[in-house]
There are 2 protein chains.
Amino acid sequence: MNSEELYGNILKKRSFLCVGLDTDIQKIPQHMISYEDPIFEFNRAIVDATAKFTVCYKPNVAFYEAEGSRGWKSLTKTVKYIRDKYPDIMIIADAKRGDIGNTSDMYARAFFSMMDVDAVTLSPYMGRDTVEPFLTYEGKWAVLLALTSNKSSEDFETLRLDTDRYLFEKVIEKSASWGNTDNLMYVVGATKAEMLADIRKIVPDHFLLVPGVGAQGGSLQEVAKYGMNDKCGLLVNSSRAIIYASDGVDFAKVAGERARKVQQEMSELLG
Amino acid sequence: MNSEELYGNILKKRSFLCVGLDTDIQKIPQHMISYEDPIFEFNRAIVDATAKFTVCYKPNVAFYEAEGSRGWKSLTKTVKYIRDKYPDIMIIADAKRGDIGNTSDMYARAFFSMMDVDAVTLSPYMGRDTVEPFLTYEGKWAVLLALTSNKSSEDFETLRLDTDRYLFEKVIEKSASWGNTDNLMYVVGATKAEMLADIRKIVPDHFLLVPGVGAQGGSLQEVAKYGMNDKCGLLVNSSRAIIYASDGVDFAKVAGERARKVQQEMSELLG
């Protein structure tokens, strides 16, 4: 998928919502626990209920790894289900990987060849050779951490460099030349919405993946105000606020309603 | 395992070698491919041949993920095999994870509860809440990336801050207060051996995990000269140079000989 196709989907659905599949076996409705693959069944129900309102799913890989090889199977099945039934919807593996070249090759193979997601989140700390293997796959994306939504992002991401830039600004500035607007996007937390204006000066045309709306307290209006460009340029993620909106047998229906509500707000913001 | 026990093992074996299990299905001897779980069988043979000479194994998680859920099974079996047969040997999952608190909880669960390794490598970019969940497990370690052995480490790790410190120095300085010498160590690449002296000024007592000796060209003598402290304080990793020393049916025997050679050099350096 390239950025033009992604923007096309946004216009078609009037939504720039990304639903985060942070599926925790301890939080899914009790009646599903006895199923053979409860994580996959939960995801399938959530996906079917929300697909009309979203342009992207973002499984959070940690939640699957926490179940061992069984969790990897649930993740793989989930990705295949979305890919087959909703081929237009982007899938981002939220994995925050990053290693030296020959190891990053392996991570790219894991997510792009074995699993066929569209994008993987990556940590920039180790530099360019961490990212490059992901950029060699046609139609696939690297999503680089820039300024994250957690409190501790202040520990290192917002350190001042000797050039008077923040570290996260340097990360964006430098990495932007490694790829292009069709294979590279950035994670910018919604809890730092006002920073989006500064980031747009560095990368006016790149897509930004924005977590932190919903459970973490970021504002969708602020994100759109500071971060939107003339081709939307935003994927705004909501995980817990949608997928755990109800823990009863109606969980999928309620998740769908929540997703629709967010989609309607997004439709207005798209103008 | 605490640092005293690790040092005890180093003295007993006269070795501070960590053998990296970067097991690539495309590089293991041809005669193993038809086995039911060739990756595990390769690892088992390597482990049995090298266990006398090493205090640590470091499976590189990317290589297992690249085989999907089957790879996670091979990894889990490998960890269990080492744990059961060689309980004194430390196991580091080289995973370079790092995410916000509730997600890092899940990664910690994946590696410490589901898999029972002793340590996990982590990327510091997102700050303290990335690391903390790993420090709450008794006897377990977080191994934080500081200065890595790849060329691109110059992109960000060695940026100068407004305080005239390098970013990696700030990472070490700040994070050292999050844990202690029994649950926190740092990755410092052997290709930057002379930097070890400066790092020792910041963390004189912490263990350092040093990759980059062998295939990547770092020098064991230099690493020991600049990085060793009075309780050794070093785990030096070698992966490809040991496990792929031969691709014939004698691969394990040759790997064992290589490991023994490194152990003998280490014994001399331990004095």
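Residues numbered from 1 in each chain as written. Chains lettered and ligands numbered in written order. Predicted model: local features only at pLDDT ≥ 70, side-chain atom pairs only at ≥ 80, totals over all residues. Heavy atoms only, no water.

Novice: I'd love a proper account of the overall build of chain A, names of residues and values included.
Specialist: Along its length, chain A carries twelve helices and eight strands. By the compact-globule yardstick of 18 Å for 271 residues, chain A fits well, its C-alpha radius of gyration being 18 Å. Along the longest, intermediate and shortest principal axes, the C-alpha atoms of chain A span 55 × 45 × 35 Å. Here chain A, with 271 residues, has 65% of them falling under the buried criterion. For chain A, long-range pairs separated by at least 24 residues make up 73% of all intrachain contacts whose partners lie at least 6 apart in sequence. For chain A, the accessible surface area stands at approximately 9,600 Å², while carbon and sulfur atoms represent 48% of it. Taken as two groups, the 33 positive and 38 negative side-chain charges of chain A have centres that lie 3 Å from each other. (Helix = DSSP H or I, 4+ residues; strand = E, 2+ residues; numbered from the N terminus. Rg over C-alpha atoms; globule rule 2.2 N^0.38 Å. Buried < 20%, exposed > 50% of the residue type's maximum accessible area, 1.4 Å probe, protein only. Contact = heavy atoms within 4.5 Å. Areas by Shrake-Rupley, 256 points an atom, 1.4 Å probe, with all protein chains shown as cover. Lys, Arg positive; Asp, Glu negative; His and termini not counted. Charge placed at Lys NZ, Arg CZ, Asp CG, Glu CD.)

Novice: So, the pairing of strand β2 (residues 56-59) of chain A: which residues are in play, and what are the values?
Specialist: For a regular strand, the rule is simple: side chains alternate between the two faces of the sheet. Residues and elements named next belong to chain A. Burial along β2 is two-sided: the face carrying Cys56 and Lys58 and the face carrying Tyr57 and Pro59 are both buried. As paired strands, strand β1 (residues 17-21) and β2 are joined by four bridges and run parallel to one another. Looking at the pairing, Val19 lines up with Tyr57 of β2. In this fold, the crossover linking β1 to β2 by way of helix α2 (residues 38-50) has right-handed handedness. Pairing of β2 with strand β3 (residues 90-97) involves two bridges; the strand directions are parallel. Each residue of the ladder has a partner; that of Cys56, found in β3, is Met90. (Pairing = 2+ DSSP bridges. Right-handed = clockwise from strand over helix to strand, strands pointing away.)

Novice: Go over the packing of helix α4 (residues 68-85) of chain A against helix α4 (residues 68-85) of chain B, please, and point to the residues and values.
Specialist: Where α4 of chain A contacts α4 of chain B, the two axes come as close as 8 Å, and the packing angle between them is 175 degrees. With respect to α4 of chain B, the axis of α4 of chain A lies roughly antiparallel. Here Ser69, Trp72 and Lys73 of chain A of α4 of chain A lie close against α4 of chain B, whose contacting residues are Ser69, Trp72 and Lys73 of chain B. Split by residue class, the contact of α4 of chain A with α4 of chain B holds two nonpolar, two polar and two charged. (Axes fitted to C-alpha atoms, helices over the stretch in contact; angles between N-to-C directions. Parallel < 35°, antiparallel > 145°, perpendicular 65-115°, else oblique. Nonpolar A, V, L, I, M, F, W, Y, C, P; charged D, E, K, R; others polar.)

Novice: So what about the interface of chain A and chain B? Which residues, and what values?
Specialist: Taken residue by residue, the interface counts 58 residues in chain A and 58 residues in chain B. At the junction of chain A and chain B, the tally comes to eight salt bridges. Note that Asp155 of chain B is salt-bridged to Lys174 of chain A, the shortest N-O span being 3.6 Å. Ranked by residues supplied to the side of chain A that touches chain B, first place goes to helix α5 (residues 101-114) of chain A with eight residues. When its residues are assigned to classes, the side of chain A that touches chain B shows 25 nonpolar, 14 polar and 19 charged. (Salt bridge = Lys/Arg side-chain N within 4 Å of Asp/Glu carboxyl O.)

Novice: Go over the state of the cysteines with me, naming the residues and quoting the values.
Specialist: Per the stated rule, a full pass over the model turns up zero disulfides over all chains. Left unpaired, Cys18 of chain A is separated from the closest cysteine sulfur, that of Cys56 of chain A, by 3.3 Å. By relative accessible area, Cys18 of chain A is classed as buried at 0%. Cysteine Cys232 of chain B remains unbridged, with the sulfur of Cys56 of chain B as its closest cysteine sulfur at 12 Å. By relative accessible area, which is 2% here, Cys232 of chain B ends up buried. (Disulfide = S-S within 2.5 Å.)

Novice: I'd love a proper account of the relation of the copies chain A and chain B, names of residues and values included.
Specialist: For these two chains of identical sequence, chain A goes onto chain B by a turn of 180 degrees and a shift of 0.0 Å along the axis, with RMSD 0.0 Å. As the rotation angle and translation indicate, the two copies are arranged about a two-fold axis. (Least-squares fit on C-alpha atoms with pLDDT ≥ 70 in both.)

Novice: Can you lay out the sheet that holds strand β8 (residues 234-238) of chain A for me, pointing to particular residues and giving the numbers?
Specialist: Within a sheet, neighbouring strands are paired by backbone hydrogen bonds and run either parallel or antiparallel to one another. All names here are of chain A. A barrel is described by the order of its strands in space; here eight strands give the closed sequence β1-β2-β3-β4-β5-β6-β7-β8, paired in parallel fashion. Strand-to-strand twist of the sheet, defined as the mean angle between neighbouring strand axes without regard to direction, takes the value 30 degrees. Strand direction decides the pairing type here: strand β6 (residues 184-188) and strand β7 (residues 208-210), joined by two bridges, are parallel. Counterpart to Val187 in the pairing with β7 is Leu209. Those strands touched by α2 are β1 and β2, and its axis lies near 170 degrees from that of β1. Strands in contact with α4 are β1, β2 and β3; relative to β3, the strand with the most contacts, it is inclined by about 150 degrees.

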